[in-house]
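Breakdown of the fold
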Amino acid sequence: NNFFLQATVFGYPVSIFFIVVNEFCERFSYYGMRAVLVLYFKYFLGWDDDFATTIYHTFVALCYLTPILGAIVADSWLGKFKTIVYLSIVYALGQVIMAVSAIHDITDTNRDGTPDNMTFHVALSMVGLVLIALGTGGIKPCVAAFGGDQFEDHQEKQRSTFFSIFYLSINAGSLLSTVITPILRAQECGIHVPQKCYPLAFGVPAALMVVALIVFIVGSGMYNKTAPQGNILVKVCKCIGFAIKNRFQHRSPQYPKRSHWMDWAEEKYDKLLIAQVKMVLKVLFLYIPLPMFWALFDQQGSRWTLQATTMDGDFGILIIQPDQMQTVNPILILILVPIMDSVIYPLISKCKLNFSPLKRMTVGMFLAALAFVAAGLVQIQIDQTLPQFPSDTVSQAKFINMLDRKLPIRAGANNFTLDPFTVLCQNCVDTCLGTEDTGPVATNTMSDYILVIQPVMDISPNSFHMAWQIPQYFLITAGEVVFSVTGLEFSYSQAPSNMKSVLQAGWLLTVAVGNIIVLIVAEAATLSEQWAEYILFASLLILVCIIFAFMAYFYTYIDPTKIEAQFAHNDDDEKKRKSVEMVRKDSFQNHNKNRRSSDSNFDENKFKNSRL
């Protein structure tokens, strides 16, 4: 075991290679499943756009709430290694359940290609998503930190390189999965009636998660496993809770005020911890407006993907699936990050402009708002090219798609998409389709007549191309680079040395709250036009951007290391002072003792001499 623990390759511990492969497979599993999720809701489960968006963002929010639970379990109870293993098992089980839920043949007893018990598939899907959220969220704060634990103090350079490789593995897994899983979904599979192959699209990510778990366990003997030391997040919460409680109990005017409300924790906690909590709260206060950015950013996987389903994906040499447009984001990240670091930021610095981290984040929020303005403009063009039907003429109508591609249709206030070579009957009862020349092409045993429908309109496929989504993807990815990367760097630089994980948990929480905002706005706005919802989100983010810029203007940057060193110095001085006082006290006590002893001997001798 000692040999494996000390084994290195090019100066790196062997164990980190298992961790990097594990992270690649896990991210492939997560982003691959998520790429096709909203289309699964719409086309397999039959949900409308709004409800599919609601459940999608509820799932994403849950994925970013559970990291707090994972951090507490790892630091206070199981340790990082066991937490990763146990929650990865839960994770893999959830992915397998999702794959099983997408098999329509399980309940398709009449073999018509449509599940007869949709409640079963919905219930199975929800169970799978909850387990996935617990798994991916629970291991999120543990894997990177566990990788950092593998390095010794003299391997600081290797540790820094490891985190770069770790981030690269995340983006590589995301990029490949968002390319591959939509292709798998587009295939047809089924025992009786071939359908879009969602079981394969979910099954491959499930297999990758099983591989991730196996690879991680195989490296068990090579890991440096640290015992749980107690969760600093819990300690911070207790300190804050005590300060609030103590302040409430001493709210009478007879008690003197203190310079900061956290100072009311001094009766129980040391001043260094209180100072560190103050630094954390100062940054968390700046986090308050940030969820609005994520509310827009994460709609790439919901609203923007649904928008792509109404566009032409023919790029000549290949047909792009709607969910594959999400690959534009990771591709642009790999391009823009080095450009920003090597060209844009140095150029701004040479121009003597103060482009501080908080200013960068403000610009990132503004770019994301512009992305949704662009999405709104695209949506207006889509709406103009969709075929229009008067709402009073579609009470009983059948739509036939004889093309080899999806056909978007807008009938009154209804929007839907026909798969290739399919028939949709709108509000038809006991009718079947036929022609005068060939007779019925489908019969209905419950009907004793045939309704003959003459073609009155030849519907062409939507001509508005998916390439028009690229500008909005460019804007939001540019916003992500200057917002997210800078935000993480800022949080790290402003966090106390032992509370960087606390701010990481706070950062992830802003993502969760952002997805909850999507649910609230989408439900409360009740806008009939999708372009209006895009403009609403853009307007809200611009408003929040102004508020954040105002807060950033009054923020004072700090150096946590100097503050901690100052308190440590004060603690040392206090200890020395107490030590000197104790020495003096002991010396004084010994002096008095000796004096009393001398006086006692003098009195006794005097008494003896007097008797003589």
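On a predicted model such as this, the values are computed, not experimentally measured, just so you know.

From N to C terminus, the protein includes 18 helices and 11 strands. The buried share of the protein, taken over its 612 residues, is 47%. A separation threshold of at least 6 residues defines the contact pool for the protein, and within that pool the share at least 24 residues apart is 76%. Surface summary for the protein: the accessible area is close to 31,400 Å², and the carbon and sulfur share equals 63%.

Below, the discussion takes up the packing of helix 15 (residues 470-494) against helix 16 (residues 500-525). At a minimum axis distance of 9 Å, the contact between helix 15 and helix 16 shows a crossing angle of 150°. Judged on the interaxial angle alone, helix 16 and helix 15 are roughly antiparallel. Helix-helix and strand crossings are classified by hand; for helix 15 and helix 16 the assignment is right-handed. Residues Phe-483, Ser-484, Gly-487, Leu-488, Ser-491 and Tyr-492 of helix 15 form the contact with helix 16, whose own contacting residues are Lys-500, Leu-503, Gln-504 and Trp-507. In terms of residue class, the contact of helix 15 with helix 16 is made up of five nonpolar, four polar and one charged.

To continue, consider the side chain of Arg-27. Within the secondary structure, Arg-27 sits in helix 2 (residues 15-35). Excluding residues within four positions of it along the chain, Arg-27 makes contact with Gly-32, Thr-136, Lys-140, Ile-170, Gly-173 and Ser-177.

This brings us to the state of the cysteines. Tallied over the full model, the rule gives one disulfide. Each sulfur of the disulfide joining Cys-189 and Cys-197 lies 2.1 Å from the other. One disulfide, between Cys-189 and Cys-197, carries an S-S torsion of 110° and so falls in the right-handed class. Looking at Cys-189, the relative accessible area reads 24%, which means it is partly exposed.

Turning to helix 17 (residues 530-553), a few remarks are in order. Taking 1.5 Å as the rise per residue, helix 17 with 24 residues should run 34 Å; its terminal C-alpha atoms sit 35 Å apart, in good agreement. Those residues of helix 17 that fall on the buried side of the exposure criterion are Gln-530, Ala-532, Glu-533, Tyr-534, Phe-537, Ala-538, Leu-541, Val-544, Cys-545, Phe-548, Met-551 and Ala-552.

The next subject is the environment of Gly-173. As for its position among the elements, Gly-173 is in helix 7 (residues 156-186). Note: C-alpha distance between Gly-173 and Pro-330 (157 residues apart in sequence) is 9.8 Å. Not counting chain neighbours up to four residues away, the residues in contact with Gly-173 comprise Phe-24, Arg-27 and Phe-28.

A surface patch of nonpolar side chains, about 650 Å² in accessible area, is lined by Leu-62, Leu-65, Leu-69, Val-130, Leu-134, Leu-509, Val-513, Ile-516 and Ile-520. Secondary structure elements with two or more residues in the nonpolar patch: helix 4 (49-78), helix 6 (118-148) and helix 16. Structurally, the position occupied by Leu-69 is in helix 4. Judged by relative accessible area, Leu-69 falls into the partly exposed class, the value being 49%.

Let us now look at the nonpolar core. As a rule of thumb, soluble globular proteins bury nonpolar side chains together. Counting residues in hydrophobic clusters, the biggest one holds 132 residues, and the most contacted among them are Leu-37, Tyr-40, Phe-41, Phe-59 and Phe-202. When neighbours within four sequence positions are excluded, Tyr-40 is seen to be in contact with Leu-45, Met-98, Ser-101, Ala-102, His-121, Ser-125, Tyr-198 and Phe-202.

Next up on the list: the confidence of the model for the protein. With 79% of its residues at a pLDDT of at least 70, the protein reaches an overall mean of 81. With pLDDT under 50 throughout, residues 429-455 is counted as low confidence; its partners more than four residues away or in other chains account for 35 contacts. Segment residues 602-612: pLDDT under 50, and zero contacts once partners within four positions in sequence are set aside and those in other chains are kept.

A separate point is the packing of aromatic side chains. Considering all chains together, one arrives at 38 aromatic pairs under this definition. Centroid distance Phe-293 to Phe-297: 6.0 Å. Interplanar angle 15°. Geometry classified as stacked. Of this pair, Phe-293 and Phe-297 both sit in helix 11 (residues 291-297), four residues apart, which is roughly one turn of that helix. You'll find Phe-293 and Phe-297 in the same group, each marked buried.

Moving on to the environment of Ala-206. Among the structural elements, Ala-206 can be located in helix 8 (residues 198-218). Overall, Ala-206 belongs to the buried group, its relative accessible area being 5%. For the pair Ala-206 and Gly-32, spaced 174 residues apart in the sequence, the C-alpha separation amounts to 9.5 Å. Ala-206 has contacts with Ser-29, Gln-95 and Val-96, leaving out every residue within four places of it along the chain.

Quick look at the pattern of salt bridges now. Summed over all chains, the structure comprises nine salt bridges. Among the salt bridges present, the one from Arg-27 reaches Glu-26, with a minimum N-O distance of 2.7 Å. Taken as a pair, Arg-27 and Glu-26 share a single burial class, namely buried. Residue Arg-303 is joined to Asp-50 by a salt bridge in which the shortest nitrogen-to-oxygen separation is 2.7 Å. Placement of the pair is Arg-303 in helix 12 (residues 303-308) and Asp-50 in helix 4, with a sequence separation of 253 residues. Arg-303 gets classed as buried once you look at its relative accessible area, which sits at 3%. With relative accessibility at 42%, the residue Asp-50 sits in the partly exposed group. Within this structure, Asp-50, Arg-303 and Glu-533 form a network of salt bridges that share partners.

Take unusual backbone geometry next. The backbone of Lys-352 shows a phi angle near 60°, a positive value even though the residue is not glycine. Turning to its location among the elements, Lys-352 is positioned in the loop between helix 13 (328-350) and helix 14 (357-385). Judged by relative accessible area, Lys-352 falls into the exposed class, the value being 75%.

This brings us to the packing of helix 4 against helix 6. Where helix 4 contacts helix 6, the axes come no closer than 6 Å and their chain directions differ by 45°. The angle between helix 4 and helix 6 places the two elements in the oblique class. As helix 4 packs across helix 6, the resulting crossing turns out to be right-handed. Residues Ile-55, Phe-59, Leu-62, Cys-63, Tyr-64, Thr-66, Pro-67, Gly-70, Ala-71 and Ala-74 of helix 4 lie in contact with helix 6, whose contacting residues are Met-126, Leu-129, Ile-132, Ala-133, Leu-134, Thr-136, Gly-137, Gly-138, Lys-140, Pro-141 and Cys-142. Within the contact of helix 4 with helix 6, the residues separate by chemical class into 15 nonpolar, five polar and one charged.

The next subject is the environment of Glu-529. Tracing the backbone through its elements, the reader meets Glu-529 in the loop between helix 16 and helix 17. Looking at Glu-529, the relative accessible area reads 26%, which means it is partly exposed. When the C-alpha atoms of Glu-529 and Asp-383 are compared, they prove to be 9.1 Å apart, with 146 residues separating the residues in sequence.

The rules we used
- Every residue gets a number counted from 1 within its own chain, in the order that chain's sequence is written.
- The predicted nature of this model means local features are confined to residues of pLDDT at least 70 and side-chain atom pairs, given and counted, to a pLDDT of 80 or more, with totals for whole chains, interfaces and linings taken over all residues.
- Calculated side-chain values reflect all of the structure's heavy atoms, with hydrogen atoms and water omitted.
- Helical segments are the DSSP runs of H or I of at least four residues, strand segments are the runs of E of at least two, and each set is numbered from the N terminus.
- For every residue, the accessible area (1.4 Å probe, protein chains only) is compared with the maximum for its type, and the residue is labelled buried under 20%, exposed over 50%, or partly exposed between those bounds.
- Contact between two residues is taken to exist if any of their heavy atoms lie within 4.5 Å; hydrogens are not considered.
- Values of accessible area rely on a 1.4 Å probe in the Shrake-Rupley scheme; residue burial ignores everything except the protein chains shown.
- To obtain an axis, a line is fitted to C-alpha atoms, over the contacting stretch when the element is a helix, and the angle between two such axes runs from 0 to 180 degrees between their N-to-C directions.
- An angle below 35 degrees is treated as roughly parallel, one above 145 as roughly antiparallel, one from 65 to 115 as roughly perpendicular, and anything else as oblique.
- Left-handed is the label given to a crossing in which the near helix is rotated counterclockwise from the far helix by less than a right angle, and right-handed is the label when the rotation is clockwise.
- Ten residue types, Ala, Val, Leu, Ile, Met, Phe, Trp, Tyr, Cys and Pro, are classed as nonpolar, four, Asp, Glu, Lys and Arg, as charged, and the remainder, Gly among them, as polar.
- Any two cysteine sulfur atoms within 2.5 Å of one another count as a disulfide.
- Between the first and last residue of a helix there are one fewer steps than residues, each counted as 1.5 Å, and that sum is the expected span.
- Residues enter a patch when their relative accessible area is above 30% and they make no salt bridge; the linking distance is 9 Å between like charges and 5 Å between nonpolar side chains (Val, Leu, Ile, Met, Phe, Trp, Tyr).
- Salt-bridge detection follows one rule: a side-chain nitrogen of Lys or Arg within 4 Å of a carboxyl oxygen of Asp or Glu.
- Nine residue types can take part in a nonpolar core, namely buried Ala, Val, Leu, Ile, Met, Phe, Trp, Tyr and Cys, and a core is a set of them joined through side-chain atoms within 4.5 Å.
- Predictor confidence is given residue by residue as pLDDT, running from a minimum of 0 to a maximum of 100.
- Aromatic pairs are defined between Phe, Tyr and Trp rings, using the six-membered ring for Trp, whenever the two ring centres lie within 6.5 Å; interplanar angles under 30 degrees are classed as stacked, those over 60 as edge-to-face, and all others as tilted.

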